[in-house]
Amino acid sequence: MNASFWAGKRVLVTGHTGFKGGWLSLWLTRLGATVAGYALPPPTDPSLFALAGLERKIDSVIGDIRDAALLARRVREFEPQIVFHLAAQPLVRYSYANPIETFEVNALGTAHLLEALRDAPSARAIVIVTSDKCYENREWHWAYRENEAMGGFDPYSASKGCAELIAASFRNSYFATPDHPTRGAALATARAGNVIGGGDWAADRLVPDILRALERGEKAAIRFPRAVRPWQQVLEPLAGYLTLAERLWSDGAPFAEAWNFGPDPAGERSVAEIADALCRAYGEGAGWTSSGGDEPHEAHLLKLDSAKARSRLGWRPQWSIDEALAAIVDWDARRRHGETVETISLDQIDAYTRRMDGASAPGANS
């Protein structure tokens, strides 16, 4: 990743009030980009967006991705050069209770954005962030590659498969492709694993659930402890998105494809292993128990093959899963001791950047 590339670039981030969108927006401001956001209000209170002071750092507009007219006006007025689309309904369990909303946000919302961008001459690089759950999950031990079939058992997973198909159809019809390399902006999709990090207060996610239980002096109730997921610290896929956007800018159509950004095989661990490791790292009597309830279906085995990103983008994970968990403990402990979220988060971004340059490990003073 070329840090100097981003200075002065006009970057639109949808979903900037969310967990990943907040981290990405903060990183972009650190790189000197001019950042605009479009999203609903923060989905949790507290939120990374509020505590990191992002409202004063970026040009933030609160709006629904389903509001095509407002979204199109946002694109026209800001004239983005680079776009990261992270606005989404991000929760599997929520999608069971709210399937129509999930499809409207994740599928139709993606179409609304791409419709606005195909008439935006300023746009040059577009990264649509979907999910590892977009694949037709066959519960096999092999890692999924970018050319595997789309699918989805539950509404959330299916909506992410739909978003991938929508992005591909817009790319083939309106944006740069190898057959039409100068037709418009270069459009790629990005699929990451289960992302963890400080600043996530969402419901029904492993790390926030454990932290909330710890604060209450209780044991966290964990669903599907045997399920295997590709766990990664939040900065890992974000570094991939940034690197991908740079290559879309410089090379265009050859990189306008789907990309996986998953962890090393050591990061593919069961829910129980991650819960055990995080509880050990926290100490203070932290623990967990199986929820034991009648839970809606979720995939039990899911792995990503990121060989393409390694070989063609030069991207690779920087922090081990144990380092990622240590970074969460460090982030939360420093926040509870009164340091500002902005300072803590920028420290971790700087530490990660130095690791990318071969210099450091995560932590406040590394």
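Treat the numbers as computed from the prediction; the structure is a model and nothing was measured.

**With respect to the sheet that holds strand β9 (residues 228-233)**
Logical step 1: On the basis of which strands lie adjacent, the open sheet formed by three strands has the order β7-β9-β11 and mixed pairing. Two strands close off the open sheet at either side, each with one partner strand: β7 (194-196) and β11 (268-270). For this sheet the average axis-to-axis angle between neighbouring strands, irrespective of direction, equals 50 degrees.
Logical step 2: Helix α9 (residues 235-251) rests against β7 and β9 of the sheet, and its axis sits at about 70 degrees to β9.

**So, helix α7 (residues 155-174)**
Logical step 1: With 20 residues, α7 ought to run about 28 Å at 1.5 Å a step, and its terminal C-alpha atoms sit 28 Å apart, in line with that.
Logical step 2: Put simply, Asp154 is the residue that caps the front of α7, since its side-chain oxygen is 3.1 Å from the backbone nitrogen of Tyr156.

**Brief notes about the pattern of salt bridges**
Logical step 1: Evaluation of the coordinates by the stated rule reveals 27 salt bridges.
Logical step 2: The salt bridge involving Asp200 is made with Arg205; its shortest N-O contact spans 3.0 Å.
Logical step 3: Among the ionic contacts, a cluster of salt bridges with common partners joins Glu215, Asp332, Arg335 and Arg336.

**Notes on the packing of helix α12 (residues 321-336) against helix α13 (residues 341-356)**
Logical step 1: The contact between α12 and α13 brings their axes to 9 Å, and the two run at 155 degrees. Taken together, the axis directions place α12 and α13 in an arrangement best described as roughly antiparallel. In terms of crossing hand, the pair formed by α12 and α13 is right-handed. Each of Glu323, Ala327, Asp330, Trp331, Arg334 and Arg335 in α12 lies in contact with α13, whose residues at this interface are Val341, Thr343, Ile344, Ser345, Asp347, Gln348 and Arg355.
Logical step 2: Its residues assigned to classes, the contact of α12 with α13 shows four nonpolar, three polar and six charged.

**So, empty space enclosed by the protein**
Once rolled over the atoms, a probe with the size of a water molecule shows which space is left empty.
Logical step 1: This model, assessed by the stated rule, comprises one cavity of 30 Å³ or more.
Logical step 2: Computed from the structure, the largest cavity encloses a volume of approximately 30 Å³.
Logical step 3: Counting residues per element, the ones that place at least two in the lining of the largest cavity are α6 (99-117) and α7.
Logical step 4: A breakdown of the residues in the lining of the largest cavity according to their chemical character gives four nonpolar, four polar and one charged.

**Description of the confidence of the model for the protein**
Logical step 1: Residues with a pLDDT of 70 or more make up 96% of the protein, whose mean pLDDT is 92.
Logical step 2: Scored below 50 in pLDDT, residues 360-366 shows 20 contacts in the model against residues more than four places distant or in partner chains.

**With respect to the pairing of strand β6 (residues 186-192)**
Logical step 1: Of all seven residues in β6, seven are buried, a share of seventy percent or more.
Logical step 2: Neither face of β6 is open: one carries Ala186, Ala188, Ala190 and Ala192, the other Leu187, Thr189 and Arg191, and all of them are buried.
Logical step 3: Bridge count for strand β5 (residues 125-129) against β6 is five bridges, and the pairing is parallel. Bridge pairing links Val127 to Ala188 in β6.
Logical step 4: Taken together, β5, α7 and β6 constitute a β-α-β crossover, and its handedness is right-handed.
Logical step 5: In this structure, β6 lies alongside strand β10 (residues 258-261), joined through four bridges in parallel fashion.

**A few points about the environment of Arg138**
Logical step 1: Its place among the elements puts Arg138 in the loop between β5 and α7.
Logical step 2: Sequence separation between Arg138 and Thr243 is 105 residues; the distance between their C-alpha atoms is 30 Å.

What counts and what doesn't
Residues numbered from 1 in each chain as written. Predicted model: local features only at pLDDT ≥ 70, side-chain atom pairs only at ≥ 80, totals over all residues. Heavy atoms only, no water. Pairing = 2+ DSSP bridges. Helix = DSSP H or I, 4+ residues; strand = E, 2+ residues; numbered from the N terminus. Axes fitted to C-alpha atoms, helices over the stretch in contact; angles between N-to-C directions. Contact = heavy atoms within 4.5 Å. Expected span 1.5 Å × (residues − 1). Polar contact = N/O pair within 3.5 Å; in protein donor to acceptor, adjacent residues only side chain to side chain. Salt bridge = Lys/Arg side-chain N within 4 Å of Asp/Glu carboxyl O. Parallel < 35°, antiparallel > 145°, perpendicular 65-115°, else oblique. Left-handed = near helix turned anticlockwise from the far one by under 90°. Nonpolar A, V, L, I, M, F, W, Y, C, P; charged D, E, K, R; others polar. 1 Å grid on protein atoms, 1.4 Å probe; cavity = no way out; pocket = protein on both sides within 12 Å on 5 of 7 lines; lining within 4 Å. Points joined across faces, edges and corners; volume = space filled by probe spheres on them. pLDDT = per-residue confidence, 0-100. Buried < 20%, exposed > 50% of the residue type's maximum accessible area, 1.4 Å probe, protein only. Right-handed = clockwise from strand over helix to strand, strands pointing away.

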